[in-house]
Structures are given as C-alpha cells and as structure tokens.
Amino acid sequence: MEKSVSGEEMIYQGIPASPGIAIAPLHVIARGFGAPEVYVIDENEVEHEQKRFHRAIELTKHQLEELKERLDDLSGDGEQDIFEAHAMMIQDQIMINKVTEAIASRKQNAEYAFYAVMQTFLEAMRRVPDPFLRERTADIEDVAQRVLRNFGFDDEGRHQAPDDHHILVAYDLAPSDTVTMNKRHVLGFATEQGSVNSHTAILARAFGVPAVVGIDNVVLNVMALSPAILDGYAGKLILHPAEETRERYKEMLNQKAKLRSELDARRGALTETVDGRAVTVSANMEFLEEVPLVKRSGAKGIGLYRTEYLLLDGEEMPDENKQAEIYTEVCKELSPHNVIIRTLDAGGDKLPVEPLTDPEPNPFLGWRGIRVSLSRPGMFREQVRAILRASAHGKVAIMFPMISGLSEVWRAKEMVRNCMDELDGEGVAFDAKIPIGAMIEVPAAAICADLLAPEVDFFSIGTNDLIQYTVAVDRVNPHVADLYRPTHPAVIRLIKQTIDAANDNGIWTAICGEMAGDIRLTPLLIGMGVEEFSVGPMQVSTVGQAIRSLSYAECAAMSDQALKHTRSQGIMDLSLELAKDHYPELLD
Ligand code: PEP
Ligand code: MG
C-alpha cells in the first residue's frame, strides 16, 4: 500500500488489550456486510470513479424496477412495495452527493467510498434508541449490498482485507475472527467493543497481536488507508502520526525487540525465586495452532487447555475419537510436561454448545461450564473418555470449570470413574492416577475451598471469572471496565483463602486467569503462595524473568500487608513497588 490518505495527527484513546506496537495503514470493517477492496486513486481518476458509482446506482434502480414489475404480475399483495422503497433509498440525493464528494476528497475507489458512506449511516442508525428505525438497517444493508454487487464486487466472501500490512479497525471482533485473521497482514487491531478479559483480547495476547479495545465511535471516525500507529501498551490509536511521533514509536519498537530477544535467550532457565522457591510457568492454549508457540515460549506444560474452542470448527464437539486424537497430539508434543485439559466451558460469553430455544436472560449466571456437561452426559462422557485415552500418551490432568459446590465435583468425578471402568472393560489404556482439578472461579467455590480441597488433586484459580462474579462486573462490558479490579480486597482474600485451603489439604494451586500474566501482580501472587502461573504463550518468558528476580520472603511479607489493606489501588501499589524494585525493565 504505497499510497495513503493524508490528515492531521489525531489520538483515539481506548483500553490496552494486548501489548505491542503496530505501524501501518488502517483497514476498516463495519458490521453488517463485508467491505469491498479499497485503494487510493489519482486526481485524474476521480471523474471515472464517480461515473462508476452513478452506473452502479442506475443498474440497481433498473433491477429493482424489474423485480417490482415481476412481483406485480405474480401477486399484487403489496410485497413489491419493498423494492420501491429500496429504489427510493438509493436515489436519495444526500447519499449520492456524499459518495460523489467522498470519491473526490478521500481519493478512494467508488465502491469503497459508497461502502464507507453507507456504513457511517448504518452505524448511526444502529445506535438510535428507536427500535423501529433500528430495524430499518436491514433494508438499507440489503440494498447497499445490491449496489456493491453492481460494481462487480462479489460479496460472497467476507471482507476483503488488503494483502499488505494493516491495522484492522472494527466495531467488534469475535474470537473466531481473531483466529482466522491473517496474522502476517494484520499487525494489530482496534475495536469499539470488548474489554481486557474478553476472549478476543485473550487470543490477541496469545498470538502476540497488539490490540486496543473500547475506542468509542472509532469505526465512524476513521478512514481506511489512513496511516496509523496502534499502541497496545497505552491503549492508543494514533491517526496520521507526525514524523516525530513515528520516530519515537520506531525507537520503542527496537527497544522492545531487544528486550524480547534477551528474554527469549533465558526462556529455558529454571523459574525459581532468588531465595529458592520453585514456581512453574505454564501456558494457556486454545488451538492446536498454538502448540509450536507454546513450545518455543519455554512454558513447562499447559496449565489451561480451553477445549471449548473445538466448537469453533463445527456446530458441535468433535466425536470421542477425534477428541482423543487431538488431546493425544497435544500431550505428545508437550511431553514430558503436564497438560491440564479443561472440560468444555461453553455458554456465557463463550461459544454456545447448542442453539437455545429461549435466549438466557443472564448467560453469565446461566447454563455454562460444568452445568452444561452434567446436563449432557452423553457429550460429557465422550470428552472424559477422550481425555483419559490421551492420558496414556503423556502427562495429563483433567479440570472442571465453573464449579460452584461439592455436588458438582462428586458428579463429575463419578463420570470419570465410570469412564475408567468402561475403558478398563474395553482393554483401553489410560492413566488411572490422572490428577483431577477444580477451577476456582465462582466465589462460592473459593469460600468453600476447604470443602472442595479434600476431593481434588489441585485447584486452578480462574481470576477472569472470579473477579467478575465477586465484584459483580461483567468481564466483557467496556462501560464497567473501570470497576473490574483484580486487586479488590475481596478478590485477593478469596485467592488467599483458596491457597490456604489447598495447603491445609496437601494439594497445589495454580492460577490461570489473565491476572497471572500481569507482572505488576507477580509479587503479590508469589507472596500469597501460588505455585503455578499459567499465562498466554507470549507472556511466559516475561513472567518467568519476573519470578527469577523476586524474593519469596519479601513477597510474602508484602502480601501479608496487602491482605490487610482496604483499597484496590493501595494493594496494586504495594505489589507494583516490588515489581519496580526488581524488574523495572520488564514493566511497560
Ligand atoms: C478464568 O475465568 O479466569 C479462566 C481462566 O477461564 P476463562 O477465561 O476461559 O473463562
Ligand atoms: Mg472462566
């Protein structure tokens, strides 16, 4: 993309969701339908493009008239009026003038100028409170797609992303978009929706793609092909950066690359505090594609394998044989390290396990995690059998999500026992001593950790959900992102209570929520006694280095103080102070 649109430097502030810096032109995709190709035109091509636009409008008008006539002949019961309304929409003089002007001022091809004008209009309509008006967006989308087809644009496929490097700007991205996006071309992304703990942000961090979320109205305000810088550390999207800004960021990119290669050089080293407390750093994973990344990261195994991502490839979970094959491959690849496979955690903000007849009023409090598995024993059995079969080929542990009480653990363990009996009867090999763990991510589980601990071999604290349920703040809602505080006194008390109950019962505690990868909080978590940190593959070497720089005794004294503190910020400051003392170079 040698050519770009010009303008003044402008900064949009959002929420930093995945660290890193990207310098590239923007590609904008809005809701509704795919964006056509976008390119910059020369001054002498403006008239030609404007003519192409008028031709596409004329052709569409003609098609709509024909459709109306055909329906007039067939029925005559008023359905044809819709085409008349569509024809009126595309003859709207304001829209026509805007597109004609946009071609001249933006110097963009006709179909993109049309698309951009329509998207701004559609976005504005989607945001009006009047439901009647909002419903009209579908009609406008319909007719706009017809016009786009008449430019010779085939909208069968999804948005046509440019082949060159770019920063993607979108209203929202689903976890599946994050996975399928071409990471060689997408250097970073910015969205209006989302939050730090949304699955899209988690995946961006896993793949090392810089991301900023929660930028108000960004889709409406930016223009494709504008040169930009995405700062995933400070949560900024800088449009038309001045030369000086660009130079500053290039320098920062060089420094970060240097730090990363220093960390990479040490990734095989033991993760032990300076006073000899050994701590495991493992990785969270969602897809088989991440296995090479995890292996390169120096992670000592997988602390959380989110199996619900298998649902992305199809409508339902793969069958037992396919699952056994996948899990076996992962544990063979990671051998001799441990792989903690979490059973399906569908529902809530995750992927649905099956279409619900009635949408749930409160999906986060509804049918998700272990609740889904226990109410679908056939599906649960297939997954448990597949995990057990994989356990014959490496070190595997099984873990249950969303545990809220003892009876769920009993029922889940009963399923494991039944599956073991079946496999025994069939002469199929498995690890009869497979460790069984409970995720502690519902406050009830943390409060009753002393009751749960005798029943399992380990705990894994899922702080993403534990925080949301403890402080009643939706983890993916940008409007309340400020209230989502990992160091809220209630949260750290629950974490401590969980670790103490584990210690009293001789079992170990891991932490696998995003808090584990936040190196400002490593001193606090080490001090409270966390024995395993499971983090995104890109964070493994940084967390490892942070651990190697700390003294357990000093962290434990600080965490005792933190547990008596009254305010989230005060607790954060105490931990950050130690982090700054011991590894200032690692902090952003
Ligand atoms: C958590 O809740 O902290 C967790 C690790 O699980 P997930 O993010 O997949 O809900
Ligand atoms: Mg969770």
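Residues numbered from 1 in each chain as written. Chains lettered and ligands numbered in written order. Predicted model: local features only at pLDDT ≥ 70, side-chain atom pairs only at ≥ 80, totals over all residues. Heavy atoms only, no water.

### Focus: the overall build of the chain
Okay, so step 1: Helix and strand counts for the chain stand at 23 helices and 16 strands.
Okay, so step 2: In terms of C-alpha radius of gyration, the chain reaches 27 Å, essentially the compact-globule figure of 25 Å for 588 residues.
Okay, so step 3: C-alpha atoms of the chain, sized along the principal axes, occupy 75 × 60 × 45 Å.
Okay, so step 4: Expressed as a percentage of contacts within the chain between residues at least 6 apart in sequence, the contacts between residues at least 24 apart total 70%.
Okay, so step 5: Accessible area for the chain stands at about 25400 Å²; split by element, carbon and sulfur atoms hold 50% of it.
Okay, so step 6: The chain carries 59 positive and 91 negative side-chain charges, and their two centres are separated by 4 Å. (Helix = DSSP H or I, 4+ residues; strand = E, 2+ residues; numbered from the N terminus. Rg over C-alpha atoms; globule rule 2.2 N^0.38 Å. Contact = heavy atoms within 4.5 Å. Areas by Shrake-Rupley, 256 points an atom, 1.4 Å probe, with all protein chains shown as cover. Lys, Arg positive; Asp, Glu negative; His and termini not counted. Charge placed at Lys NZ, Arg CZ, Asp CG, Glu CD.)

### Concerning unusual backbone geometry
Okay, so step 1: Residue Pro 336 is reached from Ser 335 by a cis peptide bond, and omega for that bond is 10 degrees.
Okay, so step 2: For Pro 336, the location among the structural elements is in the loop between α12 (320–334) and β11 (338–342).
Okay, so step 3: We note that Asn 217 has phi near 55 degrees; this positive angle belongs to a residue other than glycine.
Okay, so step 4: Tracing the sequence through the fold places Asn 217 in the loop between β6 (211–213) and α9 (218–221).
Okay, so step 5: With a relative accessible area of 32%, Asn 217 lands in the partly exposed category.
Okay, so step 6: Phi angles above zero are rare outside glycine, and Leu 225 is one such case at about 80 degrees.
Okay, so step 7: Within the secondary structure, Leu 225 sits in the loop between α9 and β7 (227–231). (Buried < 20%, exposed > 50% of the residue type's maximum accessible area, 1.4 Å probe, protein only.)

### As for the site of ligand 1
Okay, so step 1: Around ligand 1 lies a shell of 15 residues, among which Arg 306, Arg 342, Gly 462, Asn 464 and Arg 475 are the nearest.
Okay, so step 2: Here an oxygen atom of ligand 1 and a side-chain polar atom of Arg 342 are 2.8 Å apart.
Okay, so step 3: Here an oxygen atom of ligand 1 sits 2.7 Å away from a polar atom, N or O, in the side chain of Arg 475.
Okay, so step 4: In the complex, the protein chains occlude 100% of the 290 Å² of accessible area that ligand 1 would expose alone. (Near = heavy atom within 4 Å. Polar contact = N/O pair within 3.5 Å; in protein donor to acceptor, adjacent residues only side chain to side chain.)

### Things to note about the coordination of the magnesium ion (ligand 2)
Okay, so step 1: Surrounding the magnesium ion (ligand 2) are the protein donor atoms Glu 441 (OE) and Asp 465 (OD), at 2.0 to 2.1 Å. Here Asp 465 lies in helix α18 (residues 463–471) and Glu 441 lies in the loop between β13 (436–440) and α16 (443–447), a separation of 24 residues in the sequence. When sorted by exposure, Glu 441 lands in the same class as Asp 465, which is buried. (Donors = N, O, S within 2.8 Å, 3.2 Å for Na, K, Ca; no water.)

### Details of the sheet that holds strand β3 (residues 21–29)
Okay, so step 1: Taken in spatial order, the eight strands make up an open sheet running β1-β8-β7-β3-β4-β5-β6-β2, and their pairing is mixed. The open sheet is flanked by β1 (10–13) and β2 (15–18), the only strands paired with a single partner. Adjacent strand axes in the sheet meet at a mean angle of 30 degrees when their direction is disregarded.
Okay, so step 2: Pairing analysis gives three bridges linking β2 to β6, with the strands arranged antiparallel. Note on β6: the bridge partner recorded for Ile 15 is Val 213. (Pairing = 2+ DSSP bridges. Axes fitted to C-alpha atoms, helices over the stretch in contact; angles between N-to-C directions.)

### Some points on the packing of aromatic side chains
Both the distance between ring centres and the angle between the ring planes are used here to describe each pair of aromatic rings.
Okay, so step 1: Across all of its chains, the model carries seven aromatic pairs by this definition.
Okay, so step 2: Centre to centre, the rings of Phe 114 and Phe 151 are 6.3 Å apart; their planes meet at 45 degrees, and the pair counts as tilted. You can see Phe 114 sitting in helix α4 (residues 110–126) and its partner Phe 151 sitting in the loop between α6 (137–149) and β4 (166–170), a full 37 residues away along the chain.
Okay, so step 3: Looking at Phe 151, the relative accessible area reads 11%, which means it is buried.
Okay, so step 4: With centroids separated by 5.9 Å and ring planes inclined at 90 degrees, the aromatic side chains of Tyr 305 and Tyr 327 adopt a geometry described as edge-to-face. Residue Tyr 305 is located in strand β10 (residues 302–306), and its partner Tyr 327 is located in helix α12; the two are separated by 22 residues in the primary sequence.
Okay, so step 5: Clustering of aromatic rings is evident, with ring pairs tying together Phe 53, Phe 114 and Phe 151.
Okay, so step 6: For Lys 256, the ring lying beneath its charged end belongs to Tyr 233, and the centroid distance is 4.3 Å.
Okay, so step 7: Lying across the ring of Tyr 552, Arg 277 places its NZ or CZ 4.4 Å from the centre. (Phe/Tyr/Trp six-rings, centres within 6.5 Å; stacked < 30°, edge-to-face > 60°. Lys NZ or Arg CZ within 6 Å of the ring centre and 35° of its normal.)

### So, the nonpolar core
Inside soluble globular proteins, nonpolar side chains tend to come together where they are buried.
Okay, so step 1: In terms of nonpolar packing, the biggest core is built from 102 residues, with Tyr 305, Tyr 327, Phe 400, Phe 459 and Phe 533 touching the most fellow members.
Okay, so step 2: Ile 96, Ala 110, Val 209 and Val 218 belong to the second-largest nonpolar core, a separate cluster that totals 72 residues. (Core = buried A, V, L, I, M, F, W, Y, C linked by side-chain atoms within 4.5 Å.)

### Structural notes on the pattern of salt bridges
Okay, so step 1: One pass over the full model with this rule turns up 26 salt bridges.
Okay, so step 2: Of the charged contacts, one joins Arg 385 and Glu 422 as a salt bridge, the two residues approaching to 2.7 Å between their closest N and O atoms. One end of the pair, Arg 385, is in helix α14 (residues 377–390); the other, Glu 422, is in helix α15 (residues 406–426), with 37 residues separating them in the sequence.
Okay, so step 3: Under the relative-accessibility criterion, Glu 422 is labelled partly exposed at 25%.
Okay, so step 4: Among the charged side chains, a network of salt bridges with common partners joins Glu 308, Arg 342, Asp 345, Arg 368, Asp 465 and Arg 475. (Salt bridge = Lys/Arg side-chain N within 4 Å of Asp/Glu carboxyl O.)

### Looking at the packing of helix α3 (residues 93–106) against α4
Okay, so step 1: The interhelical angle for the contact between α3 and α4, taken along N-to-C directions, is 125 degrees, at an axis separation of 9 Å. With respect to each other, α3 and α4 are oriented oblique. Remark: the crossing between α3 and α4 carries right-handed chirality. The segment α3 lies against α4, with Met 95, Lys 98, Val 99, Ala 102, Ile 103 and Arg 106 engaging Ala 110, Ala 113, Phe 114, Ala 116, Val 117 and Met 118.
Okay, so step 2: Its residues assigned to classes, the contact of α3 with α4 shows ten nonpolar, no polar and two charged. (Parallel < 35°, antiparallel > 145°, perpendicular 65-115°, else oblique. Left-handed = near helix turned anticlockwise from the far one by under 90°. Nonpolar A, V, L, I, M, F, W, Y, C, P; charged D, E, K, R; others polar.)

### Notes on α14
Okay, so step 1: Here α14 spans 20 Å end to end across 14 residues, near enough to the 20 Å set by a 1.5 Å rise per residue.
Okay, so step 2: Those residues of α14 that sit buried are Phe 380, Gln 383, Val 384, Arg 385, Ala 386, Ile 387, Leu 388 and Ala 390. (Expected span 1.5 Å × (residues − 1).)

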